[in-house]
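Reading the structure
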Amino acid sequence: TAASSGADINGSAAFLAATKIKKRLVSLIQKLEMGLPSDDIHEIEVHENDITDDTLERFLFVNNEVIAPNNKKYSLLDLIGKAYFNRISLAGYAFFKTEGLGFSKKLGSGKAFNYFTNGAAVSEVLIDLYTGESKVVRTDILMDLGRPINPGIDQGQVAGAFVQGMGWVTNEKLFYGKEMNLISHSPTTYKIPSIQDTPRIFNISFFENLHPTPNVYKSKAVGEPPFLLSASVFTAIKKALLENTNKNELNLKSPATNEEILLSRRRS
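This structure is a prediction, so every number in the text was calculated from the model and none was measured.

Once that is clear, we can look at the sheet that holds strand β6 (residues 118-127). Spatially, 3 strands are ordered β6-β7-β8 in an open sheet, and the strand pairing comes out mixed. Pairing within the sheet leaves two strands with one partner each, and these edge strands are β6 and β8 (201-206). Averaged over all pairs of adjacent strands, the angle between strand axes in this sheet comes to 10°, irrespective of strand direction. Two elements, β6 and strand β7 (residues 134-144), share 10 bridges in a ladder whose sense is antiparallel. Bridged to A121 within β7 is I141. Each of β6, β7 and β8 is contacted by helix α4 (residues 151-170), which is oriented at about 130° to β8, the strand it contacts most.

For side chains bearing opposite charge, pairing can occur when the charged atoms are close. Under the counting rule described, the total for this entry stands at 8 salt bridges. The salt bridge partner of D50 is K31, with a shortest N-O separation of 3.7 Å. In this pair, D50 sits in the loop between α1 (6-33) and α2 (53-57) while K31 sits in helix α1, placing the two residues 19 residues apart along the sequence.

Moving on: the nonpolar core. Within the largest apolar cluster, 22 residues are counted, with the highest numbers of intra-cluster contacts made by I141, V158, V233, I237 and L252. Secondary-structure elements contributing two or more residues to this core are β7, α4 and α5 (231-242). In this structure, I44, V46, L56 and Y74 belong to the second largest nonpolar core, which totals 16 residues.

Considering only enclosed or pocket space, the largest pocket measures out at about 680 Å³ in volume. The wall of the largest pocket is formed by 30 residues, among which A3, D8, F113, Y115 and A221 lie closest to the centre. When contributions to the lining of the largest pocket are tallied by element, the ones reaching two or more residues are α1 and β6. Of all the elements, α1 adds the most residues to the lining of the largest pocket, at 4 residues. Its residues assigned to classes, the lining of the largest pocket comprises 19 nonpolar, 9 polar and 2 charged. Volume-wise, the second largest pocket comes out at about 500 Å³. If you trace the second largest pocket, you find 27 residues lining it, with T170, N171, A256, T257 and N258 closest to the centre.

Quick look at the packing of aromatic side chains now. A complete count under the given rule lists 5 aromatic pairs for this structure. Aromatic side chains F15 and Y217 sit 6.3 Å apart centroid to centroid with 80° between the ring planes, which places their arrangement in the edge-to-face category. One end of the pair, F15, is in helix α1; the other, Y217, is in the loop between β8 and α5, with 202 residues separating them in the sequence. Between W168 and F227, the ring centres sit 5.1 Å apart and the planes meet at 40°, which makes this aromatic pair tilted. Taken together, the residues W168 in helix α4 and F227 in the loop between β8 and α5 connect sequence positions 59 residues apart. One cation-aromatic arrangement involves K173 over F175; the distance from NZ or CZ to the ring centre is 5.8 Å.

All right, on to the pairing of β8 then. Relative to β8, β7 runs parallel, the two sharing 6 bridges. The residue of β8 that forms the bridge with L142 is S205. As a crossover connection, the stretch from β7 through α4 into β8 is right-handed.

Let us now look at a nonpolar patch on the surface. A surface patch of nonpolar side chains, about 430 Å² in accessible area, is lined by F15, L16, I149 and Y217. Structurally, L16 can be placed in helix α1. The class for L16 is partly exposed, based on a relative accessible area of 35%.

With that settled, the discussion passes to the environment of L145. Mapped onto the elements, L145 comes out in the loop between β7 and α4. Classification of L145 by relative accessible area gives buried; the value is 0%. Separated by 100 residues in the primary sequence, L145 and T245 have C-alpha atoms spaced 39 Å apart. Residues within four places of L145 in sequence aside, it is in contact with T117, D154, V158, F206, K218, S219, K220, A221 and V222.

The residue after S254, namely P255, is reached through a cis peptide bond having omega 5°. Following the sequence through the fold, P255 ends up in the loop between α5 and α6 (258-267). The phi dihedral of M180 is positive, around 60°, even though this residue is not glycine. A positive phi is found at Y217, a non-glycine position, where the angle reads about 55°.

The rules behind the values
- Residues numbered from 1 in each chain as written.
- Predicted model: local features only at pLDDT ≥ 70, side-chain atom pairs only at ≥ 80, totals over all residues.
- Heavy atoms only, no water.
- Pairing = 2+ DSSP bridges.
- Helix = DSSP H or I, 4+ residues; strand = E, 2+ residues; numbered from the N terminus.
- Axes fitted to C-alpha atoms, helices over the stretch in contact; angles between N-to-C directions.
- Contact = heavy atoms within 4.5 Å.
- Salt bridge = Lys/Arg side-chain N within 4 Å of Asp/Glu carboxyl O.
- Core = buried A, V, L, I, M, F, W, Y, C linked by side-chain atoms within 4.5 Å.
- Buried < 20%, exposed > 50% of the residue type's maximum accessible area, 1.4 Å probe, protein only.
- 1 Å grid on protein atoms, 1.4 Å probe; cavity = no way out; pocket = protein on both sides within 12 Å on 5 of 7 lines; lining within 4 Å.
- Points joined across faces, edges and corners; volume = space filled by probe spheres on them.
- Nonpolar A, V, L, I, M, F, W, Y, C, P; charged D, E, K, R; others polar.
- Phe/Tyr/Trp six-rings, centres within 6.5 Å; stacked < 30°, edge-to-face > 60°.
- Lys NZ or Arg CZ within 6 Å of the ring centre and 35° of its normal.
- Right-handed = clockwise from strand over helix to strand, strands pointing away.
- Patch = residues over 30% accessible without salt bridge, like charges linked within 9 Å, V, L, I, M, F, W, Y side chains within 5 Å.
- Areas by Shrake-Rupley, 256 points an atom, 1.4 Å probe, with all protein chains shown as cover.

As structure tokens, this is what we get:
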């Protein structure tokens, strides 16, 4: 699932595999309507290549039924039973790759991505100028995810990625020993965000994209893109500190830990 491509690649492959099964069932319907015998002696032979994509589109699979072009309805359960007893495969295998992708870093040319996932975030923070402690009071996120397959899962992905990124820019500082060995190597020595670090007010909304990408169910990848929106927390901290100085610039390093916030005020 690297590069948030799980639904794009695996979902498209599953869609292609399911399409093969649907074509076999449609072929079965056509041969049943032709009156071909199906009993203890006779079997109906079908193959997905018997049905074109255009023909398949004329059959509607909905509410556990298959509706033929003549509006005749077939129970999906009964149809699967007939396929089973006619020894018609109800399994499918497919492979998918995104066509038309190729990019040369050396030449700086080509098409690296099929589409772009976009989003925007606004964050509000409170800072204790005596301790350097910061708290995200509110975050509002607006994402363009095409047409989400499951909005609930996508909302969780956006929230999780943002909080992960928030930790990255606020408290996840790496520490090295004298021999440059990493000291902050686990949660025992490396502070990750907790439920108490999440914004007190956390609003996540999806932008209805009327021109979605040609992808499985017109969806867009969501796993990693919201991570970058956490930069709004870092810039909010920097803006808040600038409001308490007489200077136009502030030397604030990421991550903006409590110590870094205090040191940045001294440097400024």
